[in-house]
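# Summary of the model geometry
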Amino acid sequence: MNFERILQVALAFEPAQTLFAGHRLGIFKAVDEKPLNAAELGQRCGLAPRATVGLADALVALGFLRKKDGLYSNAEDVSHFLVPGTGKNYLGGLIDYEIDNVYQVWAQTIPAVREDKPVGGLTAWDYMYGDPEACRQLKPVRHALEELYGDGVARHSGFENVNHVLAVADAGRYMFRILAAYPKLRMTIVDGPANFEYIREQAKRRGFEDRVTFMPCHFVEAEFPKGCDGALISEIIQNWDDETLIRIFRRARNVLPPGAPCAVPEFWINEEKTGPVGSTMHNLQMVLRSEKGYHRSDSEIFRILEQAGFENMKVSPQFGGQGLPMAVYRANVPA
């Protein structure tokens, strides 16, 4: 550790706020139409002259804008991600969520760690599955997760010989990539009631309505339906204590036939919980977001699955980036 590294971490909010400002003030959209000088950019976005130059030059330094002969334009690929209407990879909704929600939560890290209480009083169930407004705000996050990890989850799910998947808590993150990868597959979707507006909308838009059955419920306590021969249980391990998780997985095992596979996409973290950096940051975020949640290592996840009655546990290679990698944990109902 050195002086420069400490300052780099301490001041990391500065580039984040610069990006937030560029997005919210319409900088990227304005210069996407044509290169603009500072006066034109300020007029287009309603900004004061001196502040326009300061913000635009900072965005150049961060690599989001280019500046040539006094004219600002978007750097390569910035339009694709940061200008609305340019493609399916638009990240503006995710940035809005970070500004309005996540940034405010992280600002409460000190009192949250002192008291060990979720910030804002919402439980993990509330903000991910039960509260309509919180779940509405999560739509761009789910879109981003699907783009980053969806193909990898589909590739490692192991559903080649499965006809009907019980999809628990996926909330539209990965299920549609799996349906696309396995054209004959059907799904019964079991999720929190507040997520079903989004799930139904996506199923209809993508042409999967005739391949899915919907079951809105409080899946932490509800019994699961029978008739499926595989399960997809997405990113719940980070949300609750071991006892609650074992109950959920055991109920899934109890409705699956012998030998049926269960695929569990989860963010990967090492055994010491010290890396990668993105995983450890997300682990801390679960302190801020949930009553008892935290990320589990490979051995901890295997133990939960084993205690729930599964066997043949294995984990896929990591995928989707080094900062916050994903892995798919797989197990089977005993034959």
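Everything numeric in this text was worked out from a predicted model, so none of it was measured. (Residues numbered from 1 in each chain as written. Predicted model: local features only at pLDDT ≥ 70, side-chain atom pairs only at ≥ 80, totals over all residues. Heavy atoms only, no water.)

### Some remarks on the packing of aromatic side chains
In plain terms, the rule: Two rings from Phe, Tyr or Trp (for Trp, the six-membered ring) form a pair when their centres are within 6.5 Å of each other. A pair whose planes differ by under 30 degrees is stacked, one over 60 is edge-to-face, and the rest are tilted. The way it works is that DSSP assigns letters per residue, a run of H or I at least four long becomes a helix, a run of E at least two long becomes a strand, and they are numbered from the N terminus. Think of it in three bands: residues with accessible area under 20% of the maximum for their type are buried, residues over 50% are exposed, and the middle band is partly exposed, with areas taken using a 1.4 Å probe on protein chains only.
One pass over the full model with this rule turns up 11 aromatic pairs. An angle of 5 degrees between the planes, with centres 6.0 Å apart, marks the rings of Phe 176 and Phe 208 as stacked. In this pair, Phe 176 sits in helix α12 (residues 175-181) while Phe 208 sits in the loop between α13 (196-205) and β5 (212-216), placing the two residues 32 residues apart along the sequence. Like Phe 176, the residue Phe 208 is buried in the burial classification.

### Quick notes on the pattern of salt bridges
Quick reminder of the rule: The term salt bridge refers to a side-chain nitrogen of Lys or Arg lying within 4 Å of a carboxyl oxygen of Asp or Glu.
Inspection of the entire model under this criterion finds 14 salt bridges. A salt bridge links Asp 100 to Arg 24, with the shortest nitrogen-to-oxygen separation between them at 2.7 Å. In this pair, Asp 100 is assigned in helix α7 (residues 92-106) and Arg 24 in helix α2 (residues 13-24), connecting sequence segments 76 residues apart. A salt bridge links Arg 177 to Glu 147; the shortest N-O distance between them is 3.0 Å. Here the residue Arg 177 occupies a position in helix α12, and Glu 147 occupies one in helix α11 (residues 139-156), the gap between them amounting to 30 residues. For Arg 177, a relative accessible area of 15% translates into the label buried. Salt bridges linked by common partners bring Glu 146, Glu 147, Asp 151, Arg 177 and Arg 206 together as one network.

### Observations concerning the nonpolar core
Here is the rule we go by: Think of a nonpolar core as a cluster: buried Ala, Val, Leu, Ile, Met, Phe, Trp, Tyr and Cys residues, connected wherever their side-chain atoms sit within 4.5 Å. The contact rule is simple, with two residues in contact once any of their heavy atoms fall within 4.5 Å.
The biggest cluster of nonpolar side chains holds 73 residues, and the ones touching the most others in it are Met 187, Phe 219, Ile 236 and Phe 249. Considering each element in turn, this core owes the most residues, six residues, to helix α14 (residues 242-255). Excluding anything up to four places from it in sequence, Ile 236 contacts Tyr 129, Ala 169, Phe 219, Leu 245, Ile 248, Phe 249 and Glu 266. Leu 19, Phe 20, Ile 27 and Ala 56 belong to the second largest nonpolar core, which has 22 residues in total.

### Points about the state of the cysteines
Test applied: Throughout, a disulfide means two cysteine sulfur atoms within 2.5 Å of one another.
This structure, assessed with the given rule, holds zero disulfides. For the unlinked cysteine Cys 135, the closest cysteine sulfur is that of Cys 217, found at 13 Å. Residue classification places Cys 135 among the buried residues on the basis of a relative accessible area of 2%.

### A few points about a nonpolar patch on the surface
Heads up, the condition is: Patches here are clusters of residues that have more than 30% relative accessible area and form no salt bridge, with a 9 Å joining cutoff for like charges and a 5 Å cutoff for nonpolar side chains (Val, Leu, Ile, Met, Phe, Trp, Tyr). Residue burial considers only the protein chains on display, and all accessible areas are found by Shrake-Rupley using a 1.4 Å probe.
The grouping of Phe 3, Leu 7, Leu 11 and Phe 13 at the surface amounts to a nonpolar patch, some 400 Å² of accessible area in total. Structurally, Leu 11 is set in the loop between α1 (3-10) and α2. According to the relative accessible area criterion, Leu 11 is partly exposed, its value standing at 35%.

### A short note on helix α15 (residues 277-289)
This is how the line gets drawn: The span one expects for a helix is its residue count, reduced by one, times 1.5 Å.
With 13 residues, α15 extends 18 Å between its outermost C-alpha atoms, agreeing within 8% with the 18 Å of an ideal straight helix rising 1.5 Å per residue. Restricting attention to buried positions, one finds in α15 the residues Ser 279, Thr 280, His 282, Asn 283, Gln 285, Met 286, Leu 288 and Arg 289. Contacts made by the buried residues of α15 are with α7, α8 (109-115), α9 (124-130) and β7 (261-267).

### A short note on the side chain of Ser 234
The following threshold applies: Identification of polar contacts relies on pairs of N or O atoms within 3.5 Å, with a donor-acceptor requirement for protein atoms, meaning one able to donate a hydrogen and the other able to accept it, and with residues adjacent in sequence counted only if both atoms are side-chain atoms.
If you trace the backbone, Ser 234 turns up in the loop between β6 (230-233) and α14. There is a polar contact of 2.7 Å between the side chain of Ser 234 and the side chain of Asp 170. Beyond its immediate chain neighbours, meaning those up to four positions away, Ser 234 contacts Val 168, Ala 169, Asp 170, Arg 173, Tyr 174, Pro 265 and Glu 266.

### Things to note about the packing of α2 against helix α5 (residues 49-61)
Let me state the cut-off plainly: The convention used is that axes are lines fitted to C-alpha atoms, helices contributing only their stretch in contact, and that angles between N-to-C directions extend from 0 to 180 degrees. Handedness of a helix crossing follows the sense of rotation of the near helix relative to the far helix, less than a right angle counterclockwise being left-handed and clockwise being right-handed. Gly is placed with the polar residues, together with every amino acid not listed as nonpolar (Ala, Val, Leu, Ile, Met, Phe, Trp, Tyr, Cys and Pro) or charged (Asp, Glu, Lys and Arg).
Running from N to C, α2 and α5 cross one another at 115 degrees; their axes reach a closest spacing of 10 Å. Read as a crossing pair, α2 and α5 show a hand that is left-handed. Residues Thr 18, Leu 19, Ala 21 and Gly 22 of α2 form the contact with α5, whose participating residues are Leu 55, Ala 58 and Leu 59. Among the residues forming the contact of α2 with α5, the class breakdown is five nonpolar, two polar and no charged.

### Details of the packing of α14 against helix α16 (residues 298-307)
This is how it is decided: Orientation is classified from the angle alone, with under 35 degrees giving roughly parallel, over 145 giving roughly antiparallel, 65 to 115 giving roughly perpendicular, and any other angle giving oblique.
Taken N-terminus to C-terminus, the directions of α14 and α16 make an angle of 50 degrees; their axes are 8 Å apart at the nearest point. Relative to α16, the element α14 is oriented oblique. The chirality of how α14 crosses α16 is right-handed. For the pair α14 and α16, contact is made by Asp 242, Leu 245, Ile 246, Phe 249 and Arg 250 and by Ile 304, Leu 305 and Gln 307, respectively. Residue composition of the contact of α14 with α16, grouped by class: five nonpolar, one polar and two charged.

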